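# Geometric and topological summary
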Amino acid sequence: MSQTERLPRMRTYLMCPPDHFTVDYVINPWMDVTVPVDAGLAGKQWTLLRDTLVDLGHTVHVLDARPGLPDMVYAANGAFSVDGTVYGARFRYPQRTDEAEAHRLFYTADTWSYASPVHVNEGEGDFAYLPGAYGGMILAGYGFRTDPAAHAEAQEVLGRPVVSLRLVDPAFYHLDTALAALDDRHVAYFPEAFSPASQRVLAQLFPDAVLADRADAEAFALNLVSDGRHVILNTEATAFGAKVRDAGYSPVHVDLGELKRGGGSVKCVVAELRR
Ligand code: ARG
């Protein structure tokens, strides 16, 4: 890949602290109720991630955690916004249902145009936006959480083309565990997380993608947040950090080991607010 200079763009994010974080139920293969979670450590790791984003010049809004919603720390799942319009979430599992309302109240208290969804979808967990690809393109995952009907619904709400990608490996149950936007136009992904046909679609759209291998994906390397230059990713993902460095980005590693117990890492806990 060419060594063009990678320029950061200032972002606005939404995060929710792990104040009530536990692993009390199992809705993905990473969750294990028999291993206790260290909530204090989770809180320290979360704070360090927030401070890292702020130190890079980004704005981070905080949504208050609610008791009884242990997965609410994974703020990326609460909605998906593009150019001031918000497509709300509707969770697959009843344990997370009430999170959608907390996110809805955040947006409707402000000047966002909020659309309530009919179909099951888990926000930025299964939707990614590339503002610089084809004038603005949405990539959407299905197979485990988001209903494919939500892809068409998102296209109608947001007025951007949505490309549906089928996820096939339960370890990578959300799109954001298997694919990430590195900047406005470029992605990184783990091919085997997708069906053969979806792999072809990705290869056709993104011939210059940074490809991850299984070890990278299992280290939650693709669950990254990028501002176009700085790629914030899990400390475990050192090999993949070198790959994005080779592609001209600057990896910034943060330890989110405790939050991995719930099946998520950097991207899962950070929603981007796109005005
Ligand atoms: N325990 C949560 C779930 O299974 C983790 C969500 C991770 N979030 C994400 N954006 N991948 O729903």
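Up top is the structure these notes are about.
Summary of the structure given here. (Residues numbered from 1 in each chain as written. Predicted model: local features only at pLDDT ≥ 70, side-chain atom pairs only at ≥ 80, totals over all residues. Heavy atoms only, no water.)

### Concerning the site of the ligand
Of all residues adjacent to the ligand, which total 15 residues, the nearest are N28, R96, H174, D176 and C268. A distance of 3.0 Å separates a nitrogen atom of the ligand from a polar side-chain atom of D71. Measuring from a nitrogen atom of the ligand, one finds a backbone N or O atom of G262 at 2.8 Å. Relative to its unbound accessible area of 350 Å², the ligand is 100% covered by the protein chains. When atom positions are compared with the pocket grids, the ligand is found to occupy the largest cavity. Taken together, the residues that form the shell around the ligand break down as 5 nonpolar, 6 polar and 4 charged. (Near = heavy atom within 4 Å. Polar contact = N/O pair within 3.5 Å; in protein donor to acceptor, adjacent residues only side chain to side chain. Areas by Shrake-Rupley, 256 points an atom, 1.4 Å probe, with all protein chains shown as cover. 1 Å grid on protein atoms, 1.4 Å probe; cavity = no way out; pocket = protein on both sides within 12 Å on 5 of 7 lines; lining within 4 Å. Sits in = over half its atoms within 2 Å of the grid points. Nonpolar A, V, L, I, M, F, W, Y, C, P; charged D, E, K, R; others polar.)

### Quick word on the sheet that holds strand β9 (residues 179-181)
In space, the 3 strands of this open sheet follow the order β9-β10-β11, with mixed pairing throughout. On the outer flanks of this sheet lie β9 and β11 (210-211), each paired with one strand and no other. In the sheet, β9 pairs with strand β10 (residues 187-189) via 3 bridges, with the strands oriented antiparallel. Bridging from a neighbouring strand, A180 pairs with A188 of β10. (Pairing = 2+ DSSP bridges. Helix = DSSP H or I, 4+ residues; strand = E, 2+ residues; numbered from the N terminus.)

### A word on empty space enclosed by the protein
Evaluation of the coordinates by the stated rule reveals 1 cavity of 30 Å³ or more. Of the voids in this model, the largest cavity is the one considered here, and its volume is about 70 Å³. N28, Y74, R96, Y173 and G262 are, among the 13 residues lining the largest cavity, the residues nearest its centre. Each residue belonging to the lining of the largest cavity can be placed in one class, and the counts come to 4 nonpolar, 6 polar and 3 charged. (Points joined across faces, edges and corners; volume = space filled by probe spheres on them.)

### Considering the side chain of K260
Relative to the elements of secondary structure, K260 occurs in helix α7 (residues 257-260). The residues contacting K260, other than those within four sequence positions of it, are W30, E218, A219, F220 and E236. (Contact = heavy atoms within 4.5 Å.)

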